[in-house]
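# Understanding the architecture of this molecule
One letter stands for each residue in the lines below.
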Amino acid sequence: MTDLPISALRAFRALARCGSFTAAARDLGCAQSAVSRHIAALEAHLQQTLVLRGHRRVQFTQAGAQYLETVQRVLDELDQGTARIARAGARPTVKILAMPSFAARWLIPRCAPLRSMPIDAEIELATSIWDADFHRERFDLAVHYGDGAWPGATLLVHDSLVPVASPRLVGTAGLERIDDLARFCWLHDSLRSSKWPRWLAAQGAEHLATDRHMKLQDTEATLAAAVAGVGIAMGHAALVDNDVREGRLVLAWPAQVPLAAGYHLLQSRRAARNAAAQALAAWLLGEAEAFRRTRPAPG
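First, a word on scope: everything that follows refers to the structure included in this document. Not measured: the values here are computed from a predicted model.

### Quick word on the pairing of strand S4 (residues 122–127)
The pairing of strand S3 (residues 93–98) with S4 spans six bridges and is parallel. Across the sheet, the residue bridging to Thr93 is Glu122, located in S4. Running through helix H5 (residues 100–107), the crossover from S3 to the neighbouring parallel element S4 is right-handed.

### Observations concerning a nonpolar patch on the surface
Nonpolar side chains collect at one region of the surface, where Ile129, Trp130 and Leu191 lie side by side and expose about 320 Å² of accessible area between them. Along the chain, Ile129 turns up in the loop between S4 and helix H6 (131–135). Of the residues examined, Ile129 reaches a relative accessible area of 30% and is grouped as partly exposed.

### A short note on the pairing of strand S8 (residues 213–216)
Bridge analysis of strand S7 (residues 186–189) against S8 gives four bridges, and the strand direction is parallel. Across the sheet, residue Trp186 finds its bridge partner in S8, namely His213. As for the winding sense of the linkage, the β-α-β connection from S7 through helix H8 (residues 195–202) to S8 is right-handed.

### What about the environment of Trp186?
Counting through the fold element by element, Trp186 comes out in strand S7. Residue classification places Trp186 among the buried positions, given a relative accessible area of 4%. Sequence separation of Trp186 and Thr210 is 24 residues, and the distance between their C-alpha atoms is 7.3 Å. Here Trp186 is in contact with Leu181, Trp196, Leu200, Leu208, Ala209, Thr210, Arg212, His213, Met214 and Ile232, once residues within four sequence places are set aside.

### Quick look at the pattern of salt bridges
Under the definition given, this model contains 17 salt bridges. Salt-bridge contacts for Arg248 lead to Glu246; the nearest nitrogen and oxygen are separated by 2.7 Å. Three or more residues are tied together by salt bridges with common partners; here these are Arg105, Glu220, Asp243, Glu246 and Arg248.

Calculation rules
- Residues numbered from 1 in each chain as written.
- Predicted model: local features only at pLDDT ≥ 70, side-chain atom pairs only at ≥ 80, totals over all residues.
- Heavy atoms only, no water.
- Pairing = 2+ DSSP bridges.
- Helix = DSSP H or I, 4+ residues; strand = E, 2+ residues; numbered from the N terminus.
- Right-handed = clockwise from strand over helix to strand, strands pointing away.
- Patch = residues over 30% accessible without salt bridge, like charges linked within 9 Å, V, L, I, M, F, W, Y side chains within 5 Å.
- Areas by Shrake-Rupley, 256 points an atom, 1.4 Å probe, with all protein chains shown as cover.
- Salt bridge = Lys/Arg side-chain N within 4 Å of Asp/Glu carboxyl O.
- Buried < 20%, exposed > 50% of the residue type's maximum accessible area, 1.4 Å probe, protein only.
- Contact = heavy atoms within 4.5 Å.

Remember, this is a structural readout, not a statement about activity or role.
Here it is, written out as structure tokens:
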């Protein structure tokens, strides 16, 4: 007896699942005649009629129904075994969730060295501004903004406010007097609209005002507008650091106002069982420590 081709067994299972030769062919992505040949080959091999033709919906003989039970069991076990082996050979995945502005302005610019690090994993980076997404633990690692009142949270970066602008707008040295801020358009983050008043109050400059304002959806859009020269943004020092170092932004006025909130690392319960996630968390903590050492004290 020659070996049965597995394609014939899959055609037989598809015929049972779909109910007709036409539907089975569509399911398998082949011609109807190919399904017919596979069934005919099985019947010739077994010397049994398995399927009654001539009906709108195929009917199986008693032998066909008995044989179908065996075929389904064997193919299901084969598919499950194949999936297990494939999962075992696949690289693990580390899913990171972060605030959009932190991901774009702080995290991604530091990711290039990961290529040469022994972290054998696929990294997936997603962004969200919603607290609920961080509470659902649909991640291995997360970077969230706030006071750190979450179980197991580890501080990465303290936060402070500082006004920033394109050097094309205010010059490479920034402004000469704090009152000069009033000559420019002020960019506002609609999610945190208190940033300008808070910073001005800390400078004793509540009297300052401008007649030009632009409100943008979030921090990332606000900083992008500042880079484009639209106006002066009240930036988060950690988020503007890379743009300042590379010359896309300058400090319009150098005074920083420290905030109680900061960026914190969260680890889900499943991350403890993921060696790659632990290695990536250690890298993040190291990068944050190096950043804190080089960052000037606010004031």
